[in-house]
Amino acid sequence: MRSFFISAITGSLLVAASPLLSRTARPNSIPSPYSASDYITTHDLRRIQSRSVSFDTPDVPSRYGRLSQSGPDVDERRHIEAPRLARRDDDSPCGDDLFPSTVRHVTINIGTPPYPFRLIVDTGSGDLAIKLKGLQLSGQASSVSTEGWDTSQSSTYTPATTTPTAFHISYADNTQILGNRGSDIVAYGALSSRQSIDPVSYARGLFPHPGEDGILGLDIGPSLYTGHQTFLQTLADNQQIASRVFGVVLDNGLPDEKALTLGKLDQTMYKGGTCQALTCWSKIKYYPVNEPITWLIQSGGFQVGPNGPITYGFTAHIDTGSYATWASETVALDLYRRTGAQRFEESNGSVSYWYRCDADLPQVFIRFGREKYKFDTDALRLKDDGKRPGYCQTGVQVDPTNKSDYPYVVVGATFLKSYFLAFDVDNKRVGFAERAT
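Residues numbered from 1 in each chain as written. Predicted model: local features only at pLDDT ≥ 70, side-chain atom pairs only at ≥ 80, totals over all residues. Heavy atoms only, no water.

Let's shift gears to the nonpolar core. Ranked by size, the top nonpolar core spans 73 residues in total, and within it Leu260, Leu262, Phe302, Ile318, Phe368, Phe415 and Phe432 carry the most contacts. For Phe368, the residues in contact, after removing those within four places along its chain, are Tyr287, Ile297, Gln298, Ser299, Ala316, Ile318, Tyr373, Phe415 and Phe432. With 13 residues, the next largest nonpolar core counts Ile177, Ala203, Phe207 and Tyr225 among its residues. (Core = buried A, V, L, I, M, F, W, Y, C linked by side-chain atoms within 4.5 Å. Buried < 20%, exposed > 50% of the residue type's maximum accessible area, 1.4 Å probe, protein only. Contact = heavy atoms within 4.5 Å.)

Turning next to the sheet that holds strand β24 (residues 342–345). Ordered in space as β24-β25-β28, the 3 strands form an open sheet in which the pairing is antiparallel. Of all strands in the sheet, those bounded by a partner on one side alone are β24 and β28 (391–393). On average, adjacent strands in this sheet sit at an angle of 50 degrees to one another, irrespective of strand direction. (Pairing = 2+ DSSP bridges. Helix = DSSP H or I, 4+ residues; strand = E, 2+ residues; numbered from the N terminus. Axes fitted to C-alpha atoms, helices over the stretch in contact; angles between N-to-C directions.)

With that settled, the discussion passes to the pattern of salt bridges. Considering all chains together, one arrives at 12 salt bridges under this definition. In this structure, the salt-bridge partner of Asp426 is Arg244, at a minimum N-O distance of 2.7 Å. Here Asp426, found in the loop between β31 (419–424) and β32 (429–434), pairs with Arg244, found in the loop between α1 (231–237) and β17 (245–248); they are 182 residues apart in sequence, far enough to count as distant. Under the relative-accessibility criterion, Asp426 is labelled partly exposed at 36%. Look at the salt bridges and you will find they share partners, linking Arg104, Arg118 and Asp256 into a network. (Salt bridge = Lys/Arg side-chain N within 4 Å of Asp/Glu carboxyl O.)

A separate point is the environment of Gly272. Checked against the element boundaries, Gly272 lands in the loop between β18 (260–262) and β19 (285–288). Spatially, the C-alpha atom of Gly272 lies 4.7 Å from that of Lys283, the residues being 11 residues apart in sequence.

Taken as a whole, helix α3 (residues 329–339) has its buried residues at Val331, Ala332, Asp334, Leu335, Tyr336 and Thr339. After α3 finishes, the residue Gly340 shows a positive phi value of roughly 80 degrees.

In space, the 5 strands of this open sheet follow the order β20-β22-β30-β23-β29, with mixed pairing throughout. The open sheet terminates on both sides in strands that have one partner only, identified here as β20 (296–299) and β29 (396–398). Across the sheet, the mean angle from the axis of one strand to that of its neighbour is 30 degrees, orientation sign disregarded. Two strands pair when backbone bridges link them, and strand β22 (residues 314–318) and strand β30 (residues 408–411) are joined in this way by 4 bridges, in the parallel orientation. When the sheet's bridge partners are listed, Ile318 is paired in β30 with Val411. Across the sheet, α3 lies against β22, β23 (325–327), β29 and β30, angled at about 130 degrees from β29, the strand it touches most.

Another point: the confidence of the model for the chain. The predicted model of the chain has a mean per-residue pLDDT of 74, with 70% of residues at 70 or higher. Across residues 1–100, where pLDDT falls below 50, the model places 253 contacts with residues more than four positions away in sequence or in other chains. (pLDDT = per-residue confidence, 0-100.)

A complete count under the given rule lists 21 aromatic pairs for this structure. When the centroid spacing of 4.7 Å and the interplanar angle of 35 degrees are considered together, the rings of Tyr270 and Phe420 count as tilted. Of the two residues, Tyr270 is situated in the loop between β18 and β19 and Phe420 in strand β31; the sequence distance between them amounts to 150 residues. Both residues of the pair, Tyr270 and Phe420, count as buried. Taking NZ or CZ as reference, Lys372 lies 5.8 Å from the ring centre of Phe365, over its face. Here the guanidinium or amino end of Arg388 rests over the ring plane of Phe344, the centre of that ring lying 4.1 Å away. (Phe/Tyr/Trp six-rings, centres within 6.5 Å; stacked < 30°, edge-to-face > 60°. Lys NZ or Arg CZ within 6 Å of the ring centre and 35° of its normal.)

Attention shifts here to the pairing of strand β26 (residues 364–368). In terms of residue burial, β26 counts as a mostly covered element, since 5 of its 5 residues are buried. Side chains Val364, Ile366 and Phe368 of β26 all project onto a buried face; the interleaved residues Phe365 and Arg367 project onto the opposite face, where all are buried too. Inspection of the sheet shows strand β21 (residues 301–304) paired to β26 by 4 bridges, in the antiparallel sense. Residue Gly301 lies in a different strand from β26, and its bridge partner there is Arg367. Bridging between β26 and strand β27 (residues 371–375) involves 5 bridges; their strand directions are antiparallel. Bridging from a neighbouring strand, Arg367 pairs with Lys372 of β27. The hairpin turn running from β26 into β27, its antiparallel successor, is 2 residues long, and Gly369 in that turn takes a positive phi close to 60 degrees.

Here we take up the state of the cysteines. Evaluation of the coordinates by the stated rule reveals 1 disulfide. Across a sulfur-sulfur distance of 2.1 Å, Cys357 and Cys392 are joined as a disulfide pair. Between Cys357 and Cys392, the S-S torsion sits near 115 degrees, and that sign places the bridge as right-handed. Pair noted here: Cys357 is in the loop between β25 (351–356) and β26 and Cys392 is in strand β28, with a separation of 35 residues, a long-range link. According to the relative accessible area criterion, Cys392 is buried, its value standing at 5%. (Disulfide = S-S within 2.5 Å.)

Let's shift gears to the environment of Asn252. With respect to the helices and strands, the residue Asn252 is situated in the loop between β17 and α2 (256–259). Distance from Asn252 to Thr102, taken between C-alpha atoms, is 8.0 Å for residues 150 residues apart in sequence.

It is worth spelling out unusual backbone geometry at this point. Residue Thr112 is joined to Pro113 through a cis peptide bond whose omega torsion reads 0 degrees. Position of Pro113 among the secondary structure elements: in the loop between β8 (105–110) and β9 (115–122). Despite not being glycine, Gln239 shows a phi value in the positive range, around 55 degrees. Within the secondary structure, Gln239 sits in the loop between α1 and β17. For Gln239, a relative accessible area of 72% puts it in the exposed group. Of note, the phi angle at Lys428 is positive, near 50 degrees, even though the residue is not glycine.

Quick look at the structure:
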């Protein structure tokens, strides 16, 4: 039986084709009561749990309970997702200095008078989510956050009036966020516009770090969760920017205006951007995006050594908000086999893979088109976190949520921090260039 992805939204089911089907290959008709607008394809591969069910299933069981029929005022989506950028606890697979140092935060001003917030630059989502002052934190040391946004202090904040007015997102690792939607004036540098916002009033397992105020979603299309336009799209609609492009450098040592540019690319941030000499060969190389919703491109696979063997090719999700790189089991095991990772069985019955910290690892590259891009050894082999002396966690982790054989990789900050990244919504493409020194 063909596998489908299921999500509960305001009392209806969203049905998606198998990841082997593209958007253009979907059926010509969708059985009632599902409309074409309810049809989700491969962009939800990482986010929604794959199950074999019939179209007329009224109440879908999941490994985290049942997908309830929510009321009209609540948008509830339960889905599978890799461990996310905002989640850090004692069971994290990475050393404590990996997060949040590998992801990039920028200051966004919200409201009237404007109040500054530090948001994660996240190309893996489309929402602008802000934690509220008094945010209830479940499963953390403090039950109520003393930081966050007080909407009552902004004269321009407007709560949502159209249904659903609330949102509730549950992740596969049992983390959750929920709250009531609204909008306010949002500004980044000289750019400003009224923007839909998701003020988070409750979080389980998220927002543990002081000074981490939320997420600036910059997906290629509207939010998968709420349908809101991204801040970039809102700026374009209001003629604040001429082009729907933006550049990202994941370096927390840079000023915000260099790390993230909206509506333009900073040519001083990559080699070949400002010089005409023959040695300036690194100019941006672009690759087409597979889907109109999220930043998916095709990769030829991991290559081990400059001229060595290549793993399975895969679909790559370019996700600046993911602190690590996550691969489907098929791809990850192929890479581990070729790079000498050692397999360990854990006490809970799970399996993990580690490199010896003193091992001389081969160079590893990710191939896009005809080019290969080096994966820094320091990012391929994370620091020894003391859990297994003498061994270091792999920088490419097995995505525990991807149970299919479909080759898929969430390319996160451990890899992306080495490059200048160009995201072009208008031409549906992602570009890489060597960073300027």
